[in-house]
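These are the residues of each chain, in order.
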Amino acid sequence: MDINKKLAEEFKLRQEQVDNTVTLIDEGKTIPFIARYRKELTGSLDDQILRELNDRLTYLRNLENRKNEVSSSIEEQGKLTEEISEALEKAVTLVEVEDIYRPFKPKRKTRASVARDKGLEPLAEFIIEQNIDSDPESEAEKYINSEKEIETADAALQGAMDIIAEDISDNAELRKKIRALYEKAAKIESRATDEEAETVYQNYYEFSEGVSRVAGHRILALDRGEKEGALKVSVVIDEEFCFSVAEKMFVKNNSRCGELVKTAAQDSCKRLIMPSVEREIRSELTAKAAEGAIKVFSSNLRQLLLQPPVKNQITLGFDPGYSHGCKMAVVDSTGKVLDSAIVYPTFRKDKDNAAKAKIKAIIEKNGVTAIAIGNGTASRESEALIAEILHEIPQKVSYMVVSEAGASVYSASKLAAEEFPEFDVSIRGAISIARRLQDPLAELVKIDPKAIGVGQYQHDMPKARMNEALCGVVEDCVNSVGVDLNTASHSLLSYISGINGTVAKNIVSYREENGAFTDRKQLLKVPKLGKKAFEQCAGFLRVRDGKNPLDNTAVHPESYEAAKGLMEQCGFKLTDIGTSEMGKIKDTVNQRGRKSVCEKLGIGVPTLTDIIEELQKPGRDPRDELPTPLMRSGDIMEIKDLFYNLPARLKFLKSSSTEFSYIQELVQSIALAHPQCSLELKKNGKQALKTSGQNNLLQTIKEVYSADVVSNLKEVFKTDQLSNLKISGYVSTPDYTRSSKKSYHIYIN
């Protein structure tokens, strides 16, 4: 099999792309490095496609290796034929290869092997020929032998049929057909082991669904239920379908021998083939479901890791709790711990004055500007408490609820103990929560991805495959963002392309002994970091305020000369990197022609594009292009707050919306806050309904809400009247009778 050709067909890529990519992988280049710095060779394939291609490459190579092993084994037995060689060549899955090898495998003791040992194989061959005039009973009498425990002709026939059944079972073509039949027509069913028991698997106590249609999450649920002893799971099919397929292949006629072969074929299907295929189908369904779950897990993990950071904030990490109190830790904008404390609020109004005073004091003392609240136990009550405090203090502080998944795992880990030996385990959790808000990626890489808990049935997944996939996601995320060489922890550095855990620790040790790095080339002085590792990692490591401005970009050192040549051609200097002047370089290159510039510099267009982007925005973080995290101030905690806090919301809307849109927001908020109030907004007189009277907006709201709300609205709008708008609707009493409706129609002139 031409593996590269098959990959090109499956992934719909040019042959050149696949050949180059496979060569790079074989040279030991990492996926992030190939995706970022070898775009000309790969045709700009992204990291996800490269990983899928690499996985498929590994499978196909394993398939070829197994074919060679099977071929050699059969040849050693002197049984290799052209037909077997051709079948092996055409096999496209490991299952097909194993089916071909099945007849030649060394077998454990079976009914057929016992019959062979008794010398009944010639009788089996006599029967399988199915001559019309043959008398199998008479032939069987020749094999009666007390020494071999063959006392009767029927015993001889039974032994011969066992041999025929096993030979039929070993037929690769039959297995392939029956497996296809299962995939098309079989159903997976489950029943309760105890119908009276109340378990989480009650939805599966009487479950049945086609194998071809069953969802992956159901397979995982069935597997877990079976493992825990709550369910009995089976794959069922009408056995007559399987019998007919086997009989069509092996029964030649209706003779007495033909009847025996038919019986043997049915026995082979029921006793040997169907249970084996059922296990294969179950295994295949589980593998597909697991792969799907791992993909979901990976996707969720990627989004979690690439959350935009909240930069330049002094952050209070708040780890909620009840009896053990709420743990607090303050970290500065670089993640350094400034202060810590524990408070024991009761979460009852007017009884938390001491706790609130302590929280206010720590906010004022450290100049806290942001609060990260863990989403675990007592999170909701803690959020309400923090919201109250923010309304009572003069400082402008906002908060955000962050996931604390894995925080306890990290706080009790050896890494946390090394990083914060002076702090208690509980305080380390609060530190982690604070840092997760500041830089989710840098903090979450310290935790085993499985402990973050962003997938389904993660504990049931194949550990090796799960670890490989999740570590790949973390690696892609870390390398796409880049790392500050002078501040990154060894946990973060270990995910950089070409750097393992040992080298990462060596980098940190070198930094502590020799001071901050001022040049990427200094990496070559780090123990165990050679030229190959430098080639892989250099482009992903940033040196801020170093000797060479290019060291703070994602431009690889191998392209420094090209970058300098580009700036010279366009009239720029190294000191112009990142300035507003450098914003003109793209237009200058376009005027000169990208291909022409590339030819002079000796680089490809993708590399040129990347260099231009880096010169314009050195050290850029792709997370900065995502929507910023939504920080809260505690204004809206309940549905009613949608209306009572409306002035602040309208001020926000007024800055970015038309007059009509924020009046529409007002109407929607009234409807939400007052369930019995139905309102409709009409724009311009053309859409106006007939009116029974005239009034203004504020007067109408006054009929439903208090005067202080009206005065707040006056403050927002600075007027009692708004132009070209009409609100119409009614307020009715709970019985909803026509006579109870209080109608109003309002013109805004």
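Some words on the overall build of the chain
Thought 1: Within the chain, the secondary structure is distributed over 35 helices and 13 strands.
Thought 2: Counting every position in the chain, which comprises 749 residues, the buried fraction comes to 46%.
Thought 3: Relative to all contacts within the chain whose residues are 6 or more apart in sequence, the contacts with residues 24 or more apart total 66%.
Thought 4: Taken as a whole, the chain presents about 38300 Å² of accessible surface, with 48% of it coming from carbon and sulfur.

Digging into the sheet that holds strand E2 (residues 206-210)
Thought 1: On the basis of which strands lie adjacent, the open sheet formed by three strands has the order E2-E1-E3 and antiparallel pairing. The outermost strands of the open sheet, each flanked by one partner alone, are E2 and strand E3 (231-236). Geometrically, the sheet is characterised by an average inter-axis angle of 15° between neighbouring strands, direction not taken into account.
Thought 2: In this structure, strand E1 (residues 187-192) lies alongside E3, joined through six bridges in antiparallel fashion. Within the sheet, the bridge partner assigned to Glu 189 lies in E3 and is Ser 234.
Thought 3: Contacting E1 and E3, helix H15 (residues 256-305) runs over the sheet at an angle of about 110° to E3.

Looking at the pairing of strand E8 (residues 398-402)
Look at any regular strand and the pattern is simple: side chains alternate between the two faces of the sheet.
Thought 1: As paired strands, strand E7 (residues 370-374) and E8 are joined by five bridges and run parallel to one another. Bridge pairing in E8 places Ile 373 opposite Val 401.
Thought 2: One crossover worth recording links E7 to the parallel E8 by way of helix H17 (residues 379-392), and it is right-handed.

Looking at helix H28 (residues 585-592)
Thought 1: Listed in full, the buried residues belonging to H28 are Ile 585, Thr 588 and Val 589. Down the axis of H28, the smallest arc covering the buried residues is 95°, so these residues share one side.

Side note on the sheet that holds E8
Thought 1: Read across the open sheet, the five strands follow the order E6-E5-E4-E7-E8; overall the sheet is mixed. The sheet is open, and its two borders are formed by strand E6 (337-343) and E8, each paired with just one other strand. On average, adjacent strands in this sheet sit at an angle of 20° to one another, irrespective of strand direction.
Thought 2: Across the sheet, H17 is in contact with strand E4 (315-319), strand E5 (326-331), E7 and E8; its angle to E7 comes to roughly 160°.
Thought 3: Its contacts with the sheet put helix H20 (residues 425-438) on E4, E5, E6, E7 and E8, and the angle it makes with E5 is roughly 50°.

With respect to the layout of surface pockets
Thought 1: Of the pockets and cavities examined, the largest pocket occupies roughly 1500 Å³.
Thought 2: Around the largest pocket, the lining is made up of 34 residues, and of these Asp 55, Ala 287, Glu 291, Lys 295 and Arg 465 lie nearest the centre.
Thought 3: Among the secondary structure elements, those contributing two or more residues to the lining of the largest pocket are helix H5 (47-76), helix H7 (94-101), helix H12 (172-185), H15 and helix H23 (463-481).
Thought 4: Residue contributions to the lining of the largest pocket peak at eleven residues, all from H15.
Thought 5: Tallied by class, residues from the lining of the largest pocket come to eight nonpolar, nine polar and 17 charged.
Thought 6: Of the pockets and cavities examined, the second largest pocket occupies roughly 1300 Å³.

Quick notes on the pattern of salt bridges
Thought 1: Counted by the stated rule, this structure contains 55 salt bridges.
Thought 2: Residue Arg 66 pairs with Glu 69 through a salt bridge whose shortest N-O separation is 3.1 Å. Taken as a pair, Arg 66 and Glu 69 lie in helix H5 at a separation of three residues, close to a single helical turn.
Thought 3: The exposure class assigned to Arg 66 is partly exposed, which follows from its relative accessible area of 23%.
Thought 4: Look at Glu 69 and you get partly exposed, because its relative accessible area is 47%.
Thought 5: The network of salt bridges with shared partners includes Arg 36, Lys 39, Asp 610, Glu 613, Glu 614, Arg 620 and Glu 625.

A look at the packing of aromatic side chains
Thought 1: The full count for this structure, using the stated rule, is six aromatic pairs.
Thought 2: Here the aromatic rings of Tyr 204 and Phe 207 are separated by 5.3 Å at their centres, their planes lie at 65°, and the arrangement is edge-to-face. In terms of burial, Tyr 204 and Phe 207 fall into one category: buried.
Thought 3: Through pairs of rings, three or more aromatic residues link up here, namely Phe 33, Tyr 37 and Phe 540.

A word on the packing of helix H27 (residues 560-570) against helix H30 (residues 605-616)
Thought 1: Following both chains from N to C, one finds H27 and H30 inclined at 70°, their axes separated by 11 Å at the closest point. Classified by the angle their axes make, H27 and H30 are roughly perpendicular. Judged by residue contacts, Ala 562, Ala 563, Leu 566 and Met 567 of H27 engage Leu 608, Ile 611, Ile 612 and Leu 615 from H30.
Thought 2: Split into classes, the residues belonging to the contact of H27 with H30 amount to eight nonpolar, no polar and no charged.

Regarding the state of the cysteines
Thought 1: Applying the stated rule across the entire model yields zero disulfides.
Thought 2: With no disulfide of its own, Cys 242 lies 5.9 Å from the sulfur of Cys 269, the closest cysteine sulfur.

Description of a negative patch on the surface
Thought 1: A surface patch of like charges, here negative, comprises Asp 194, Glu 195, Glu 196 and Glu 206.
Thought 2: Within the secondary structure, Asp 194 is located in the loop between E1 and E2.

A few points about the confidence of the model for the chain
Thought 1: Looking at the chain as a whole, the pLDDT averages 84, with 84% of positions reaching at least 70.
Thought 2: Every residue in residues 643-665 is under pLDDT 50, and counting partners more than four places away or in other chains gives 44 contacts.
Thought 3: Contacts of residues 667-749 to residues separated by more than four positions or lying in other chains number 149 contacts, the stretch itself having pLDDT below 50.

Regarding the nonpolar core
Thought 1: Within the largest apolar cluster, 116 residues are counted, with the highest numbers of intra-cluster contacts made by Tyr 182 and Ile 507.
Thought 2: It is H15 that contributes the most residues to this core, 19 residues altogether.
Thought 3: When neighbours within four sequence positions are excluded, Ile 507 is seen to be in contact with Leu 485, Leu 493, Ile 499, Phe 517, Leu 523, Val 526 and Leu 529.
Thought 4: Residues Val 18, Ile 31, Leu 57 and Ile 100 belong to the second largest nonpolar core, which totals 26 residues.

Quick notes on the rules
- Residues numbered from 1 in each chain as written.
- Predicted model: local features only at pLDDT ≥ 70, side-chain atom pairs only at ≥ 80, totals over all residues.
- Heavy atoms only, no water.
- Helix = DSSP H or I, 4+ residues; strand = E, 2+ residues; numbered from the N terminus.
- Buried < 20%, exposed > 50% of the residue type's maximum accessible area, 1.4 Å probe, protein only.
- Contact = heavy atoms within 4.5 Å.
- Areas by Shrake-Rupley, 256 points an atom, 1.4 Å probe, with all protein chains shown as cover.
- Pairing = 2+ DSSP bridges.
- Axes fitted to C-alpha atoms, helices over the stretch in contact; angles between N-to-C directions.
- Right-handed = clockwise from strand over helix to strand, strands pointing away.
- Arc of directions from axis to C-beta.
- 1 Å grid on protein atoms, 1.4 Å probe; cavity = no way out; pocket = protein on both sides within 12 Å on 5 of 7 lines; lining within 4 Å.
- Points joined across faces, edges and corners; volume = space filled by probe spheres on them.
- Nonpolar A, V, L, I, M, F, W, Y, C, P; charged D, E, K, R; others polar.
- Salt bridge = Lys/Arg side-chain N within 4 Å of Asp/Glu carboxyl O.
- Phe/Tyr/Trp six-rings, centres within 6.5 Å; stacked < 30°, edge-to-face > 60°.
- Parallel < 35°, antiparallel > 145°, perpendicular 65-115°, else oblique.
- Disulfide = S-S within 2.5 Å.
- Patch = residues over 30% accessible without salt bridge, like charges linked within 9 Å, V, L, I, M, F, W, Y side chains within 5 Å.
- Lys, Arg positive; Asp, Glu negative; His and termini not counted.
- Charge placed at Lys NZ, Arg CZ, Asp CG, Glu CD.
- pLDDT = per-residue confidence, 0-100.
- Core = buried A, V, L, I, M, F, W, Y, C linked by side-chain atoms within 4.5 Å.

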